[in-house]
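Fold and contact review
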Amino acid sequence: MKSLTRFQSAGINAAPMSNTGPDSQLDSQAWSARPDWLQGVVYGPSLDSFQELVEVIQRCCQTTFDIRLDSPITRGIKWDGYAVSPHGAQVAYRKIGMEVELWFSIPGQLCSSMPRASFLRLAAYLQCQKVKVTRIDLALDDFERRLDLAMVADAARAGNYSGAQHFTVVESGAKSDGQRGMSVVFGAPGSDKRVTFYDK
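Figured I'd write up the structure that's included with this text. (Residues numbered from 1 in each chain as written. Predicted model: local features only at pLDDT ≥ 70, side-chain atom pairs only at ≥ 80, totals over all residues. Heavy atoms only, no water.)

1. What to know about the environment of glutamate 101
- Topologically, glutamate 101 is positioned in strand β9 (residues 99-106).
- Accessibility expressed as a relative area gives 7% for glutamate 101, which makes it buried.
- For the pair glutamate 101 and phenylalanine 50, spaced 51 residues apart in sequence, the C-alpha separation works out to 8.6 Å.
- When residues no more than four places from it in sequence are discounted, the contact partners of glutamate 101 are Val41, Val42, Tyr43, Ile77, Trp79, Ala92, Tyr93, Arg94 and Ile96.
- Side chain to side chain, glutamate 101 and tyrosine 43 meet in a polar contact 3.3 Å long.
- A polar contact of 2.6 Å, which involves the side chain of glutamate 101, links it to the side chain of arginine 94. (Helix = DSSP H or I, 4+ residues; strand = E, 2+ residues; numbered from the N terminus. Buried < 20%, exposed > 50% of the residue type's maximum accessible area, 1.4 Å probe, protein only. Contact = heavy atoms within 4.5 Å. Polar contact = N/O pair within 3.5 Å; in protein donor to acceptor, adjacent residues only side chain to side chain.)

2. Regarding the pattern of salt bridges
- One pass over the structure, following the stated rule, counts six salt bridges.
- Between aspartate 66 and arginine 68 there is a salt bridge, and its shortest N-O distance comes to 2.8 Å.
- For aspartate 199, the salt bridge is made with arginine 145, and the minimal N-O distance between the two is 2.5 Å. Taken as a pair, aspartate 199 in the segment after β13 (195-198) and arginine 145 in the loop between β10 (132-142) and α4 (149-158) lie far apart in primary sequence, 54 residues in all.
- On the basis of relative accessibility, which here comes to 35%, the residue aspartate 199 falls in the partly exposed class. (Salt bridge = Lys/Arg side-chain N within 4 Å of Asp/Glu carboxyl O.)

Following this line, the structure appears as structure tokens:
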């Protein structure tokens, strides 16, 4: 999504997602971009491919796996066996003719704690295995809260955005503490691509 809305920034008409305007010249410590979830499918010639994928993810994510061979599990479809880590990473396999289909899921906690060099090693390995990525979440953290979430919600309600047909604004809070949270989602729930802004 190239532009959510146009707004006045220090007297300059600038798009918030562009590199124009004084507010875009931010200190690199104010923002952080990182992968936040990764899922995909790869194929291998034998069950050894399952063991290898588990070992690669284990090394890169610095986690352990409980391997459950011949223990069926359903993750969208039925798999013949799987491995799961205490942090929620999963690898599953199923035999299809003469090859093995492998599905993996690495959740946000592991993605965000993985050193950059380890993530690049994992990405290189998956590329060599001709991975088909089925889900990737990318996070852009705004540590100094420079993006006004209320402004994003107002732009959505006014229809001042492009690149999506649907939006959702959700507010939450607790009566006891008075604090409120908000999320703004561009894209339908079933869409392959969505952008979510939220206050953590």
